[in-house]
Every structure is written in C-alpha cells, then in structure tokens.
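Secondary and tertiary structure notes
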Amino acid sequence: MAKFPPVLLLVNQEGISTQVLHCLRLLGIEVHLLAAPAAHFFRWSRYIRSFHRFGAWIELAHRDRLLEIMRAIVRAHGIGFVIAADFEAGRMLASAERDLPIPIFPTSPPAILDAYHNKASFLSLSRRSAVPIADYLVVPDKEDLCHGELRARFGKHYVVKPCGEGNSNGVVYVSNEDALVSEIIENPLYDYKDLLVSPYIPGRDVGLNVFVENGRVRVAVPQTRIGPTIRFIDCEALVEAVQPVMAMGHYTGVANLDARLLRDGTVRVLECNPRFCLFASAVSGANFVEIGLRSVFDGRMPAVPSLVGKQVMPANNALLCRVRGGKGAAISGETRRQLGMTARDPICWIAAELTYHWRKYRQRRAQAALRRDTRVQATLAIAHNLRLRRA
C-alpha cells in the first residue's frame, strides 16, 4: 500500500473545501493550500503545513498564472499530488493536468465537467440514456416565463432554477403567479439566464455520492436527510438509474447526484454536481478522497464497507443539539468523530461558518430592501393616482 505524498489543495470558499481538508487529515496527509480571497480563513487551520493566497477566484480564466504558482509550490514543498475542492477549481485543474509534473485527483476534461454541471445538459444526457427524469423546459430569459403556460404543462407547483448555478442559488418553488412575478420576473436581483423549469415532484430528497472511472461507477453511497441528520440508505434504484448517464459521457471523478424517491420506490434524477460532497461518508467509512488517491497510487479501489443505517449530523446541528439537550442530543459515533475533527481545528471552522452566514445575511438584507422599495414605490404610485383624480 503506497504512502501518500504531500498534497496541494485548491480552494475557493468554505463548505466543501473544509470537508476535503478534513478527509485529507483523516488520512494523515501533509496538506499545502492555495486559496482564493474568499477562503483566506484557511490560513488559521491547524491541518495545513503552508498557506498560499491567490488574488482572485481559482478558475479557468486564470489558468496560466495559477499554473506558474502551482509549479513553484510543488518545487518548494515537494508536493506529489494536487486536488481541487470545488467545481471551478476542478475545471481549471483538469485543463492543467498535462502541464503539471505531478498527478492530480482523477477527473474529466473541462467540457465533460461542464456538460454534467449544467442542469439542462445533464438532463439531456439522462434522457438519451433512458434515465428516469421529470419533464422539463429551458427558458432563455425570465421575461419569457408565463405562469399560465407553465401551470398547464407542469401542474400547480413547479420549480425554476438557473441551469449553470449550484448550492441552490436561484432555486424558486412557484405555486402562484404572484410568486413567479415577485420572486423572479420583477426581482432585479434575479439576473440569471437559461432557466430550467420542472414540476415539483412529491417524495423524499435522496442523494448519491459516486466515484466513477471512465463511465463506470466504482463506488456509490446513497443518503437522505431526516431532520438535521444525514442517513445512509439502501437505494439500489438510484444506483442503477445513475450508471447509464455516467457511462454516456465517459465521466471520471467524484460527483454528487440529487434525486427524488417516490412512494412506489422509483426515483427521478434531478441534477449532478461534479465535485466533492463527502465528509459524512468519510467519517462513516467511505473516504472518497482516499478512493481517488488509491486509484492513482495503488491502481485499485480500497474496500468500502456498507454504510446503510449509519447516520451523521453536521457539526453545527450537533452542537445545537448538545446545547439544547433532550431527545435531539443523542448523536452517533460518526457524528462524535466529526465533532472531534472540528474541535481540533476550531478557528477555521468558526471562520467558515461566519463567512457563510454573513453572505446569506447580506443576501437576505438585499432581498428585504428590494421588497421594501417595491412597497414604497407602489404606495407612491397610489398616492399619485389619487392626486390626479382629485385634480
């Protein structure tokens, strides 16, 4: 079994990046980190050997400059492997694979990553692969949305979301025309193009973490959320549904797929996130970072135990349960292991949480200000009309 060399980790922001760092720590690997400005808090982490700040977002547009910096870090610290924690950094790294003197985490070319990341493109691949999906429509601009037509096609409740976004950005559940107009059409903050519209599907949200080699799903871990807890489940229908679409594009790398599990046990695949989404499975026995590393250095897949029945609560929810006590305070051994990782590197975790919630707070304030301005304008318009009538 090969001993892993020092790793260079590329990160843009909190969340998944922290999970990947913890997965590397579980393996005892020396980590050096190259971060975008939004991830500056990683410099406080106890789990990294050296911190290097890049002055912009780590993405394909800065490939040549990043390549020069990565080569310098590789020479200075004896780096033997490079991993990208998020989608944009992953696209850049995939394009630079042949220009680096060391291997990178298994991945697909940027064009393939784009095809699976874009929701409309992925559903097109799924339809051609006979994967079970719901009906959908792609609308180029929000001004083209018509509630009457959408309701006639998709029913009373439907979902609108941008084709090229992730992390639930721009997702709106619509049940009436007022919601469509206020939340999307007349909302100046909603500036997305190429919108995907699909019916709301009753059922349970389920996800699937996979490691794929040239279209072959080598490891698949299904899970669902029950309250604040991630629970690993047996969902063979989802595993079987995903295999054809991964084979269609000869996909390689990790991915997280979202689906809905219907009452009759069938599934409807919704979207694909070609990036990591994994720490809950890592503390439970399926470390997808290790799986990728073993495939490169050992040329084989490590044995992955069944995770069915295990459950993990995210660190923030687990801490709240501990504080509140009562029934929700009972946590699993996997959750305690995750809390131990967080407790040994608290400053980085706290900074990441604060960064995330501050960004969400600013978004909510912007939305509230917009609604307030809209009400003021409506009131002024009514007063103006009344003055005109009296005149």
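This text follows the structure it describes.
Okay, so let's go over this structure. (Residues numbered from 1 in each chain as written. Predicted model: local features only at pLDDT ≥ 70, side-chain atom pairs only at ≥ 80, totals over all residues. Heavy atoms only, no water.)

For the protein, the helix and strand inventory stands at 13 helices and 14 strands. In terms of overall dimensions, the protein is globule-like: its C-alpha atoms have a radius of gyration of 23 Å, near the 21 Å expected for 391 residues. Overall size of the protein, expressed as C-alpha extent along the three principal axes, is 85 × 50 × 45 Å. Per-residue burial over the protein gives 49% buried out of 391 residues. The long-range share in the protein, meaning contacts at least 24 apart out of those at least 6 apart in sequence, stands at 65%. When the accessible surface of the protein is split by element, carbon and sulfur atoms take 51% of a total near 19100 Å². Computed over 50 positive and 36 negative side-chain charges, the separation of the two mean positions in the protein equals 7 Å. (Helix = DSSP H or I, 4+ residues; strand = E, 2+ residues; numbered from the N terminus. Rg over C-alpha atoms; globule rule 2.2 N^0.38 Å. Buried < 20%, exposed > 50% of the residue type's maximum accessible area, 1.4 Å probe, protein only. Contact = heavy atoms within 4.5 Å. Areas by Shrake-Rupley, 256 points an atom, 1.4 Å probe, with all protein chains shown as cover. Lys, Arg positive; Asp, Glu negative; His and termini not counted. Charge placed at Lys NZ, Arg CZ, Asp CG, Glu CD.)

As a further point, take the packing of helix 3 (residues 87–95) against helix 4 (residues 110–117). Running from N to C, helix 3 and helix 4 point in directions that differ by 155 degrees, and their axes come no closer than 9 Å. Judged by the inter-axis angle, helix 3 sits roughly antiparallel to helix 4. Across the interface between the two elements, F87, G90, R91, A94 and S95 of helix 3 pack against P110, L113, D114 and H117 of helix 4. Counted by class, the contact of helix 3 with helix 4 contains four nonpolar, three polar and two charged residues. (Axes fitted to C-alpha atoms, helices over the stretch in contact; angles between N-to-C directions. Parallel < 35°, antiparallel > 145°, perpendicular 65-115°, else oblique. Nonpolar A, V, L, I, M, F, W, Y, C, P; charged D, E, K, R; others polar.)

What follows is about helix 6 (residues 147–154). The set of residues buried in helix 6 consists of H147, L150 and F154. End-on view of helix 6: buried residues confined to an arc of 70 degrees, all on one side of the axis. Counted as exposed and oriented over 90 degrees from the buried face of helix 6: E149 and A152. For helix 6, the secondary structure elements touched by its buried residues are strand 5 (137–139), strand 6 (158–162), strand 7 (172–174), helix 7 (177–185) and strand 8 (195–199). At the exit of helix 6 stands G155, carrying a positive phi of roughly 100 degrees. (Arc of directions from axis to C-beta.)

Summed over all chains, the structure comprises nine aromatic pairs. Geometrically, the ring pair formed by Y173 and Y200 is edge-to-face, given 6.3 Å between the ring centres and 75 degrees between the ring planes. Placement of the pair is Y173 in strand 7 and Y200 in the loop between strand 8 and strand 9 (204–213), with a sequence separation of 27 residues. The exposure class assigned to Y173 is exposed, which follows from its relative accessible area of 57%. Owing to a relative accessible area of 39%, Y200 belongs among the partly exposed residues under this scheme. Pairwise contacts between aromatic rings join F4, F81 and F297 into one cluster. (Phe/Tyr/Trp six-rings, centres within 6.5 Å; stacked < 30°, edge-to-face > 60°.)

For the rest of this paragraph, the subject is the pairing of strand 1 (residues 7–11). With five of its five residues buried, strand 1 lies for the most part within the structure. Relative to strand 2 (residues 31–35), strand 1 runs parallel, the two sharing five bridges. Looking at strand 2, one finds that L8 is bridged to H32. In this view, the connection linking strand 1 to its parallel neighbour strand 2 by way of helix 1 (residues 16–26) has right-handed handedness. Sheet topology note: the strand 1/strand 4 (residues 81–84) ladder contains four bridges and is parallel. Directly across from L10, in strand 4, lies its bridge partner A84. (Pairing = 2+ DSSP bridges. Right-handed = clockwise from strand over helix to strand, strands pointing away.)

The next subject is the pattern of salt bridges. In this structure the tally under the stated criterion is twelve salt bridges. When the shortest N-O distance is used, the salt bridge between K193 and D141 registers 2.3 Å. Here D141 lies in the loop between strand 5 and helix 6 and K193 lies in the loop between helix 7 and strand 8, a separation of 52 residues in the sequence. Overall, the relative accessible area of 53% leaves K193 in the exposed class. (Salt bridge = Lys/Arg side-chain N within 4 Å of Asp/Glu carboxyl O.)

What the six strands build is an open sheet, ordered 13-12-9-10-11-14; its pairing is antiparallel. At either margin of the open sheet sits one strand with a lone partner, and together these are strand 13 (267–273) and strand 14 (311–312). Note that strand 11 (residues 229–232) and strand 14 share two bridges and pair antiparallel. By the bridge assignment for strand 14, I230 is matched with V312. Here helix 8 (residues 236–248) sits on the sheet in contact with strand 9, strand 10 (216–226), strand 12 (253–261) and strand 13, set at roughly 45 degrees to strand 9.

Strand order in the open sheet formed by four strands is 5-8-6-7, with antiparallel pairing between adjacent strands. With one partner strand each, in any of the chains shown, strand 5 and strand 7 form the two edges of the open sheet. Pairwise comparison of adjacent strand axes, ignoring direction, gives a mean angle of 25 degrees for this sheet. Where strand 6 lies against strand 7, three bridges are found, and the strand directions are antiparallel. Bridge pairing in strand 7 links V160 to V172.

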